[in-house]
Amino acid sequence: MDNAFSQALETMTVRIVPGARGIAHLRRLSAGATLETWSFDAVDGDRVLHPLILRRSPGGLRSTESLSLEAEADLIRLLDGSGVPVATVVHTLVPEDGLGEGFLMTRIEGETIARKVLRDAKFAAVRAHLASQFGTIRGTMTRVDAARLPALPFKPADVILARLASRYDSLGVARPVFDLALRWLAQNAPAPLDQYRLVHGDFRNGNIIFGSEGVRAVLDWEVAHIGDPAEDLAWISTPPWRFGELDRPVGGLGSRQQLFDAYEAACGERADPSRVHYWEVLGSLRWGVSCASMLEWFTSGRDPTVERAMIARRVSENELDLMRILTGTD
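Every value quoted in this text rests on a predicted model; they were computed, and no experiment measured them.

Remarks on the side chain of T37
Inspection of the secondary structure assignment puts T37 in strand β2 (residues 36–44). If sequence neighbours within four positions are ignored, T37 has contacts with R27, R28, L29, S30, I53, L54 and R55.

What follows is the structure in C-alpha cells.
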C-alpha cells in the first residue's frame, strides 16, 4: 500500500471527522483501471468513530458514459432522505486533499454477493419480499423531482440503442442473434414519454447492499441519467442477474408482478409490461455486446486476466437469453 496515500487519507479524515485522531483497518475493496474503492474507519485511539468508504479516481479518469465523481456525490446527497436507500456522503475530495477525485461516504454493512442472498439461510425470511422492495425503490426514484437533480445526461431508448449499435459494429464480428435483436428493437421502439425520470442505469444485484431485513442501500450511481423508469425495471429482470434462478425473473428472487405492483404503489404510475419487455431486450443485448467486447480486452493485453476471457465466453449464453426473450419463452 502506498504510504503517501494512507498518510493523505489520514490527514483528511482527521480534518473532516470530528474527534478523529487517525484511521484504521484500511483495505481496498475493488480494483479497476480508473476507480478505486477503499474501506476504513475514522478512529480515536481504539475507538471507532465512523466507518467509511472512499470512492476515488487517482488520475481523474472516468468512462465517457460515467458521471464525474463529484456529480455522483451530488446526486447521492440529493437522494439521501428522499426514501431511496443510499449511503450518506460525508465529503467530496478537493485538490488540497491530495487524493485525486472522489468522495467519502458512510460504510453500510451488509451483503452484496447475489448468490449468498439467493441461497444463505440468513436471508430466507426476506427473500420472498425482495422483488417488491426493488419495485418500491424504483417507484420512489420515479417520485424524485427531476428539476432538483444535478445535471444528468438524457438517455431515452433511441439514444442508448444508437450507441449500442455503434459499439457492436466496432467489434467487427457478425452475430446473427445480435443482428436480429437490433432489427427487432428498431421496429418496436416505444413511444416517447411525456415525462422522463431519474434512472439508476445499473439497478441490479451486485449494486445493492442487503441485510437480514432486506435492502439497505443502492450503490454505484455512476451511470445515472434522465430516462425511462422501465429501463431499471427491466435491467434487474434480465437473465444474468438471476444467477441461475430463471423462473424468478426479478433478480432470481421474485416475479415481475410483485415488482410492478410495488412500483405502482410507490409512485402511483402503472408499469407498462410491453415497455419493460422492450427494455429487457435492449438490456440483454447491452450485456451481450459488453461480453463480446471483453475478447478485445483480453487478446490485446489491455486486461489479460482470466476473468475477461471468461466473460467473453458468456456471449453464447446471452444469445440464448435473447432468443428466449424475443420469442416470449423467457
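Still to come is the rest of the account.
Some words on the sheet that holds strand β3 (residues 47–57)
Judged by pairing direction, the sheet is antiparallel, and its five strands sit side by side in the order β1-β2-β3-β5-β4 without closing on themselves. If you trace the sheet from one side to the other, it starts and ends with β1 (22–30) and β4 (89–92), each paired once. Taking each pair of neighbouring strands and ignoring which way they run, the sheet shows an average axis angle of 25°. Sheet topology places β1 next to β2; six bridges connect them, and they run antiparallel. Residue pairing across strands places G22 opposite V43, the latter belonging to β2. Of the strands in this sheet, β1, β2, β3, β4 and β5 (101–106) are in contact with helix α1 (residues 3–16), which crosses β1 at around 120°. In this fold helix α2 (residues 69–79) packs onto β3, β4 and β5, with an angle of close to 150° to the strand it touches most, β4.

A closer look at the nonpolar core
Counting 78 residues, the largest nonpolar core has L79, F134, L198, W221 and L285 as its most contacted members. Ranked by the residues each element gives to this core, the list is headed by helix α9 (residues 273–299), at 11 residues. Ignoring anything within four residues of it in the chain, the contact list for F134 reads F203, N205, I208, F210, V215, I236, V250, L253 and L259.

Here is what the cut-offs are and how they apply
- Residues numbered from 1 in each chain as written.
- Predicted model: local features only at pLDDT ≥ 70, side-chain atom pairs only at ≥ 80, totals over all residues.
- Heavy atoms only, no water.
- Helix = DSSP H or I, 4+ residues; strand = E, 2+ residues; numbered from the N terminus.
- Contact = heavy atoms within 4.5 Å.
- Pairing = 2+ DSSP bridges.
- Axes fitted to C-alpha atoms, helices over the stretch in contact; angles between N-to-C directions.
- Core = buried A, V, L, I, M, F, W, Y, C linked by side-chain atoms within 4.5 Å.
- Buried < 20%, exposed > 50% of the residue type's maximum accessible area, 1.4 Å probe, protein only.

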